[in-house]
Amino acid sequence: VPTLLISPWIPRGTVISAPPPHAKPAHDSEYDLTSIISTARRLLGMQAEALTQRDAWSATFDHVISSSFRHDAPSRLPDPPRPAHADVYLESE
């Protein structure tokens, strides 16, 4: 399952497909859906023990996060469009 990490703390144009050795808790670790959990645990200084065996095995993304903030990212996203009037939904039924 592809994972998109989008943040002004990640260098522009970063693309990764395999974890480097220092991001692997086990020699055969790979990126996995639980890599997000493993990364959050590590970055937030949460409990040292993994939540599950899968979490313990998952490679982390913390090596991708930079210590410098990108200034080419928007500081505020535009307002979302207003929802269509309720009558529009009734006509399609």
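See the structure printed just above.
Let us look at the structure shown here.

So, how was this worked out
Residues numbered from 1 in each chain as written. Predicted model: local features only at pLDDT ≥ 70, side-chain atom pairs only at ≥ 80, totals over all residues. Heavy atoms only, no water. Helix = DSSP H or I, 4+ residues; strand = E, 2+ residues; numbered from the N terminus. Buried < 20%, exposed > 50% of the residue type's maximum accessible area, 1.4 Å probe, protein only. Contact = heavy atoms within 4.5 Å. Phe/Tyr/Trp six-rings, centres within 6.5 Å; stacked < 30°, edge-to-face > 60°. Patch = residues over 30% accessible without salt bridge, like charges linked within 9 Å, V, L, I, M, F, W, Y side chains within 5 Å. Areas by Shrake-Rupley, 256 points an atom, 1.4 Å probe, with all protein chains shown as cover. Salt bridge = Lys/Arg side-chain N within 4 Å of Asp/Glu carboxyl O. Arc of directions from axis to C-beta.

Quick look at the environment of His22 now. For His22, the position within the fold is in the segment before α1 (35-43). Among the residues examined, His22 registers a relative accessible area of 57% and is labelled exposed. Put simply, His22 and Thr60 are 38 residues apart on the chain and 9.1 Å apart in space, counted from C-alpha to C-alpha.

Now for the side chain of Arg41. Here Arg41 lies in helix α1. Setting aside its immediate chain neighbours within four residues, Arg41 contacts Met46, Gln47, Ala48, Glu49, Ala50, Leu51 and Asp55.

One pass over the full model with this rule turns up 2 aromatic pairs. Taking 5.0 Å as the distance between ring centres and 70° as the angle between the ring planes, the aromatic pair formed by Trp9 and Phe69 counts as edge-to-face. One end of the pair, Trp9, is in the segment before α1; the other, Phe69, is in the loop between α2 (53-57) and α3 (86-91), with 60 residues separating them in the sequence. Its relative accessible area of 38% is what places Phe69 among the partly exposed residues.

Let us look at a nonpolar patch on the surface. On the surface, Trp9, Leu43, Leu44, Met46, Ile65 and Phe69 cluster together into a nonpolar patch covering about 600 Å² of accessible area. Assignment of secondary structure puts Ile65 in the loop between α2 and α3. Assessed through its relative accessible area of 37%, Ile65 is described here as partly exposed.

Before going further, it helps to spend a moment on the environment of Arg54. Of note, Arg54 is situated in helix α2. For the pair Arg54 and Leu33, spaced 21 residues apart in the sequence, the C-alpha separation amounts to 9.4 Å. Those residues in contact with Arg54 that sit more than four places away from it in its chain are Asp32, Leu33 and Thr34.

For the rest of this paragraph, the subject is the side chain of Asp32. Mapping Asp32 onto the fold places it in the segment before α1. Apart from the residues lying within four places of it in its own chain, the contact partners of Asp32 are Arg54, Trp57 and Ser58.

Looking now at α1. Those residues of α1 not exposed but buried are Ser35, Ser38, Thr39 and Arg41. Around the axis of α1, the buried residues are gathered within 160° of arc, so they sit on the same side. The inward-facing, buried residues of α1 contact α2.

The subject of this paragraph is the pattern of salt bridges. Here the structure, examined in full by the defined rule, presents 6 salt bridges. Linking Arg42 and Asp62 is a salt bridge whose minimum nitrogen-to-oxygen distance equals 3.4 Å. Of the two residues, Arg42 is situated in helix α1 and Asp62 in the loop between α2 and α3; the sequence distance between them amounts to 20 residues. The partner of Arg76 in a salt bridge is Asp79, and the shortest N-O contact between them spans 3.0 Å. Side by side, Arg76 and Asp79 carry an identical accessibility label, which is exposed. Connected via shared salt-bridge partners are Arg12, Arg70 and Asp72.

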